[in-house]
Amino acid sequence: MHLEEFARGPSLLHRLDPRVKIPAALALSMVTAVADRWVVLAAALILSVGLTLGARLPFSRVAARLLAVNLFLAAIWLFLPFSTPGRPLAALGPFTATWEGAGLALAVTLKSNAIVLGVLALLATSPVFSLVHGLRHLRVPDKLVHLFFFTFRYFQVIHEEYLRLRLAMRVRCFVPKTDRRTYRALAWLVGMLLVRSYDRSIRVHQAMRCRGYDGRLWILHHFELENRDLWFLAASGCMILVLAGLEWTNLIL
Amino acid sequence: MDESYPLIRITDLGFSYPDGRRVLDGLSLVFEPGLKAGLTGANGTGKTTLFHLIMGLLRPTSGRLEIFGRPRTREEDFREVRAGIGFVFQDADDQLFCPTVADDVAFGPLNLGLGRDEAHARVHEALDLLGLGAYEHRITYQLSGGEKKLVSLATVLSMKPRLLLLDEPTAGLDEPASERLVQVLNDLGLPLFIISHDRDFLKKTVTHLFRLEAGRIR
Ligand SMILES: Nc1ncnc2c1ncn2[C@@H]1O[C@H](COP(=O)(O)OP(=O)(O)OP(=O)(O)O)[C@@H](O)[C@H]1O
Ligand SMILES: [Mg+2]
């Protein structure tokens, strides 16, 4: 598992300053999340797809991420159309799907895909350390920044810890079944994982303090705003304004 | 550097963990300037605990702790201690947390307030010293156990400490890596305080042995 798999690449988006990408991603996500009009949702999706293409991310890896999101959305398609009151669209045995419900499910699907792609193209194209540094420059409170950074960093460690524990169980011939013994063993596994992760976090913090850490993260590679960053900021600002304008006025459709 | 006072002077130190287990009891120790010493003792006698007390990660229950000639009791006192003592943890996974080796080795120098160029220079210097020049851009969590161990040493060497505290530095190192470590430590010429169960390694690196037994130095 490699959480930073998109962070290095050849595209312009990879080279942009995180301090302009973070606000752009945030604005795009917010507008998309609150938008109601189809034209806005479609435009947001097109924009996100465009950004993803522009970032030249490996197609198969992006598809894998989208698959995960859309599997989850499939559950929404199972329930939302049938549980929303409105004009009947189709009947399935005793259940009736409504136009309103289907519309809602479609809107959620469009929004989710647009936001995931947008975030992949804008944020996943920077190493997490640069994002962290960017967040600090944007005056995000240190506590939040640390929470974000360590969540990311220790996801990996906890996952490895989990694999090690599973391995330790497997080499002693543990085969999961659906019985009480299995559930108890798995409960121990989860408990052990929590305790170990907690312990590790304490030790890492101690090690950081030993190297003079006082709550501020510095970064070795400094970045400076360049012309392309300003152009990107201007362009993304315009796009967001257009989207917001479409949403809150009645232009087009 | 002219140092006439002992680097560390511990007087009648006692320590218990919150669960009441008494680990250190009436421990006294004087660490003279320039000393290279090993710390031995059975498993669970409190060697790691003693190092954590010296670094200010734990606070003594009783007794007196003097480092670099001054009593140390509060967190602020230990800031200066940590800038002067390089402590390498028993488990390298605790020490390394940055994405790349260069970031991790630069972490300490940047915390000390060094500029980027200076920090860069320190990174190269420390990595070259350990023969890790080619590792600068490697991802830390993809290194092997032995490589991690050497990189952790680099992360404290880059801070140019006055004394090195190493907690079982040879655990997990193969013969050549361990030889390399011996050589590096001897070339550095820094005062050393090393916890190790590896008698051979201690023989090659230190000139004095402290033995921890029943909560004190014998
Ligand atoms: N957080 C803790 N809470 C309670 N007891 C602890 C804690 N950490 C360590 N101990 C206990 O304190 C004693 C000393 O531990 P310490 O880790 O200092 O030993 P050590 O000499 O470094 O051993 P080793 O050679 O195995 O590394 C042990 O008996 C241990 O069980
Ligand atoms: Mg120990």
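Fair warning: this is a prediction, and the values are worked out from it, not measured in the lab. Residue positions are given per chain, counting from 1 as you read along its sequence in written order. Each chain takes a letter, starting from A, and each ligand takes a number, starting from 1, following the order in which they are written. In keeping with the predicted nature of the model, local features appear solely for residues at pLDDT of at least 70, side-chain atom pairs appear and are counted solely at 80 or more, and the whole-chain, interface and lining totals rest on all residues. To obtain the side-chain values, all non-hydrogen atoms of the structure were included, while hydrogens and water were left out.

A short note on the packing of helix H7 (residues 142-170) of chain A against helix H8 (residues 180-210) of chain A
The relative placement of two packed helices is expressed as an angle between their axes plus a distance between the axes.
All names here are of chain A.
Here is step 1 of the chain: Only the contacting stretch of a helix is used when fitting its axis, a line to C-alpha atoms as for every element, and angles between N-to-C directions run 0 to 180 degrees. Going along the chain from the N terminus, every DSSP run of H or I of four or more residues is numbered as a helix, and every run of E of two or more is numbered as a strand. Packing of H7 against H8 brings their axes to within 10 Å, and their N-to-C directions diverge by 135°. With respect to H8, the element H7 is oriented oblique. With respect to the hand of their crossing, H7 and H8 are arranged in right-handed fashion. When H7 is examined against H8, the residues Phe150, Tyr154, Val157, Ile158, Glu161, Tyr162, Arg164, Leu165, Arg166 and Met169 are found in contact with a partner set consisting of Ala185, Leu189, Met192, Leu193, Arg196, Ser197, Arg200, Val204 and Met208. An angle counts as roughly parallel when it lies under 35 degrees, as roughly antiparallel when it exceeds 145, as roughly perpendicular when it falls between 65 and 115, and as oblique in every other case. Handedness of each helix crossing follows the sense of rotation of the near helix against the far helix: counterclockwise by less than a right angle gives left-handed, clockwise gives right-handed. In what follows, a contact means two residues having at least one pair of non-hydrogen atoms within 4.5 Å.

Quick look at the site of ligand 1
All names here are of chain B.
Here is step 1 of the chain: If even one non-hydrogen atom of a residue comes within 4 Å of a molecule or strand, that residue is called near it. Surrounding ligand 1, one finds 14 residues, the nearest of these being Gly44, Gly46, Lys47, Thr48 and Thr49.
Here is step 2 of the chain: In the environment of ligand 1, an oxygen atom lies 2.6 Å from a nitrogen or oxygen atom belonging to the side chain of Thr48.
Here is step 3 of the chain: With respect to ligand 1, the side chain of Thr49 contributes an N or O atom lying 2.5 Å from an oxygen atom.
Here is step 4 of the chain: Surface burial for ligand 1 is 66%, taken as the share of its 640 Å² of free accessible area covered by protein chains.
Here is step 5 of the chain: By residue number, the principal contributor to the shell around ligand 1 is helix H1 (residues 47-54), which donates 3 residues.
Here is step 6 of the chain: Under the scheme applied here, ten amino acids are nonpolar (Ala, Val, Leu, Ile, Met, Phe, Trp, Tyr, Cys and Pro), four are charged (Asp, Glu, Lys and Arg), and all others, including Gly, are polar. Residues of the shell around ligand 1, tallied by class, amount to 2 nonpolar, 8 polar and 4 charged. Pairs of N or O atoms are called polar contacts if they sit within 3.5 Å, as long as, within protein, a hydrogen donor faces a hydrogen acceptor (for residues adjacent in sequence, only side-chain-to-side-chain pairs). Per-residue accessibility takes into account occlusion by the displayed protein chains alone, with areas from the Shrake-Rupley method and a 1.4 Å probe.

Some remarks on the packing of aromatic side chains
Residues and elements named next belong to chain B.
Here is step 1 of the chain: Within 6.5 Å between ring centres, the rings of Phe, Tyr and Trp (the latter by its six-membered ring) count as paired, and their orientation is classed by plane angle as stacked under 30 degrees, edge-to-face over 60, tilted in between. Counted by the stated rule, this structure contains 12 aromatic pairs over all chains.
Here is step 2 of the chain: Residues Phe31 and Phe193 carry aromatic rings whose centres are separated by 4.9 Å and whose planes lie at 45° to one another, so their mutual orientation is tilted. Placement of Phe31 in strand E2 (residues 22-31) and of Phe193 in strand E8 (residues 192-195) is noted, with a sequence separation of 162 residues between them. Taken as a pair, Phe31 and Phe193 share a single burial class, namely buried.
Here is step 3 of the chain: Measuring from ring centre to ring centre gives 5.0 Å for Phe51 and Phe193, while their planes differ by 55°; the resulting arrangement is tilted. Summary of the burial criterion: residues with accessible area below 20% of their type's maximum are buried, those above 50% are exposed, and those between are partly exposed, where the area comes from a 1.4 Å probe applied to protein chains only.

Looking at the interface of chain B and chain A
Here is step 1 of the chain: In this complex, chain B contributes 35 residues to the contact, which on the side of chain A involves 30 residues.
Here is step 2 of the chain: The term buried area denotes the loss of accessible surface (1.4 Å probe radius) that occurs when two parts are joined, taken as the sum for both partners. Overall, the association of chain B and chain A removes approximately 3000 Å² of surface from exposure, summing both partners, and the carbon and sulfur fraction of that is 56%.
Here is step 3 of the chain: Considering only the surface of chain B that becomes buried against chain A, B:Phe97, B:Arg116 and B:Tyr141 emerge as the three largest contributors, covering 26% of it.
Here is step 4 of the chain: Every case where a carboxyl oxygen of Asp or Glu lies within 4 Å of a side-chain nitrogen of Lys or Arg is listed as a salt bridge. Salt-bridge contacts for A:Arg209 lead to B:Glu75; the nearest nitrogen and oxygen are separated by 3.5 Å.
Here is step 5 of the chain: Linking chain B with chain A are 5 residue pairs in polar contact (both at pLDDT 80 or more).
Here is step 6 of the chain: Broken down by secondary-structure element, the contributors of at least two residues to the side of chain B that touches chain A are helix H2 (75-84), helix H3 (92-95), helix H4 (101-111), helix H5 (116-129) and helix H6 (145-157) of chain B.
Here is step 7 of the chain: Tallying contributions element by element places H4(B) first for the side of chain B that touches chain A, with 8 residues.

Topic: the pattern of salt bridges
Here is step 1 of the chain: Tallying each qualifying case throughout the model produces 26 salt bridges over all chains.
Here is step 2 of the chain: In this structure, A:Arg200 and B:Asp91 form a salt bridge, with 3.6 Å as the shortest nitrogen-oxygen distance. Remark: B:Asp91 occurs in the loop between strand E6 (85-88) and H3 and A:Arg200 occurs in helix H8; the pair is interchain, linking two chains.
Here is step 3 of the chain: For the salt bridge of A:Arg228 with A:Glu226, the shortest nitrogen-to-oxygen distance reads 3.8 Å.

Some words on the coordination of the magnesium ion (ligand 2)
Here is step 1 of the chain: Any N, O or S atom lying within 2.8 Å of the metal counts as a donor, with the limit raised to 3.2 Å for Na, K and Ca; because water is left out of the atom set, some sites can appear incomplete. Within the protein, the atoms that donate to the magnesium ion (ligand 2) are B:Thr48 (OG1) and B:Gln90 (OE1), at distances of 1.9 to 2.7 Å. In this pair, B:Thr48 is assigned in helix H1 and B:Gln90 in the loop between E6 and H3, connecting sequence segments 42 residues apart.

Description of the domain arrangement of chain A
Here is step 1 of the chain: As used throughout, domain bounds are those supplied by an automatic or database domain assignment. Taken domain by domain, chain A consists of domain 1 (12-126 + 224-248) and domain 2 (141-210).
Here is step 2 of the chain: Placing a centre on the C-alpha atoms of domain 1 of chain A and another on those of domain 2 of chain A gives a separation of 33 Å.

Let's talk about the sheet that holds E2(B)
All names here are of chain B.
Here is step 1 of the chain: Pairing is antiparallel in the open sheet, where 4 strands are placed in the order E2-E1-E4-E5. Strand pairing shows two members of the sheet lacking a second neighbour, E2 and strand E5 (70-71), which therefore form its edges.
Here is step 2 of the chain: In terms of strand pairing, strand E4 (residues 62-67) meets E5 through 2 bridges, oriented antiparallel. Opposite Glu66, over in E5, you have Pro71 as the bridge partner.
Here is step 3 of the chain: Relative to strand E1 (residues 8-16), H1 is tilted by about 120°, and along the sheet it contacts E1, E2 and E4. When DSSP locates at least two bridges between a pair of strands, those strands are taken to pair.

Structural notes on the nonpolar core
All names here are of chain B.
Here is step 1 of the chain: By nonpolar core we mean a set of buried residues, namely Ala, Val, Leu, Ile, Met, Phe, Trp, Tyr and Cys, connected to one another through side-chain atoms within 4.5 Å. In this structure, Phe31, Ile54 and Phe193 are the most contacted members of the largest nonpolar core, which totals 37 residues.
Here is step 2 of the chain: In terms of residue count, E2 provides more of this core than any other element does, 5 residues in total.
Here is step 3 of the chain: Apart from the residues lying within four places of it in its own chain, the contact partners of Phe31 are Pro6, Leu7, Ile8, Ala37, Leu163, Pro191, Leu192, Phe193 and Phe210.
Here is step 4 of the chain: With 36 residues, the next largest nonpolar core counts Ala106, Val123, Leu132 and Leu166 among its residues.

Overview of helix H9 (residues 227-248) of chain A
Residue and element names in this part refer to chain A.
Here is step 1 of the chain: Over its 22 residues, H9 extends 32 Å from the first C-alpha to the last, a length consistent with the 32 Å expected when each residue adds 1.5 Å.
Here is step 2 of the chain: Here H9 has its buried residues at Asp229, Phe232, Ser236, Ile240, Leu243, Ala244, Leu246 and Glu247. One side of H9 carries all its buried residues, which in axial view fall inside an arc of 155°. Away from its buried face, by an angle of more than 90 degrees, H9 presents the exposed residues Asn227, Trp231 and Leu241.
Here is step 3 of the chain: Of the surrounding elements, those touching the buried residues of H9 are helix H1 (12-15), helix H2 (18-34), helix H3 (38-55) and helix H5 (99-122). What a helix is expected to span follows from its residue count: subtract one and scale by 1.5 Å. By arc we mean the arc of the directions from the helix axis to the C-beta atoms, nothing more.

Regarding a nonpolar patch on the surface
Residues and elements named next belong to chain A.
Here is step 1 of the chain: Only residues whose relative accessible area exceeds 30% and that form no salt bridge enter a patch; like-charged residues are grouped when within 9 Å of one another, and nonpolar side chains (Val, Leu, Ile, Met, Phe, Trp, Tyr) when within 5 Å. Together, Val190, Met192, Leu194 and Val195 make up a nonpolar patch on the protein surface, roughly 380 Å² of accessible area in all.
Here is step 2 of the chain: Considering the arrangement of structural elements, one finds Leu194 in helix H8.
Here is step 3 of the chain: Taking relative accessible area as the criterion, Leu194 reaches 59% and is therefore assigned exposed.

So, the packing of H2(A) against H9(A)
Residues and elements named next belong to chain A.
Here is step 1 of the chain: Closest axis-to-axis distance for the H2/H9 pair is 10 Å, and the angle between their directions is 10°. Here H9 runs roughly parallel to H2, going by the angle between their axes. Contacts from Val20, Lys21, Ala24, Ala27, Leu28, Val31 and Val34 in H2 reach Asp229, Phe232, Leu233, Ser236, Ile240, Leu243, Ala244, Glu247 and Trp248 in H9.
Here is step 2 of the chain: Here the contact of H2 with H9 is built from residues that sort into 12 nonpolar, 1 polar and 3 charged.

Quick look at the sheet that holds strand E3 (residues 36-40) of chain B
Two strands in a sheet stick together by hydrogen bonds in their backbones, pointing the same way (parallel) or opposite ways (antiparallel).
Here is step 1 of the chain: Here we have 6 strands laid out as an open sheet, ordered E6-E7-E8-E3-E9-E10 (chain B), and mixed in their pairing. The outermost strands of the open sheet, each flanked by one partner alone, are E6 and strand E10 (216-217) of chain B.

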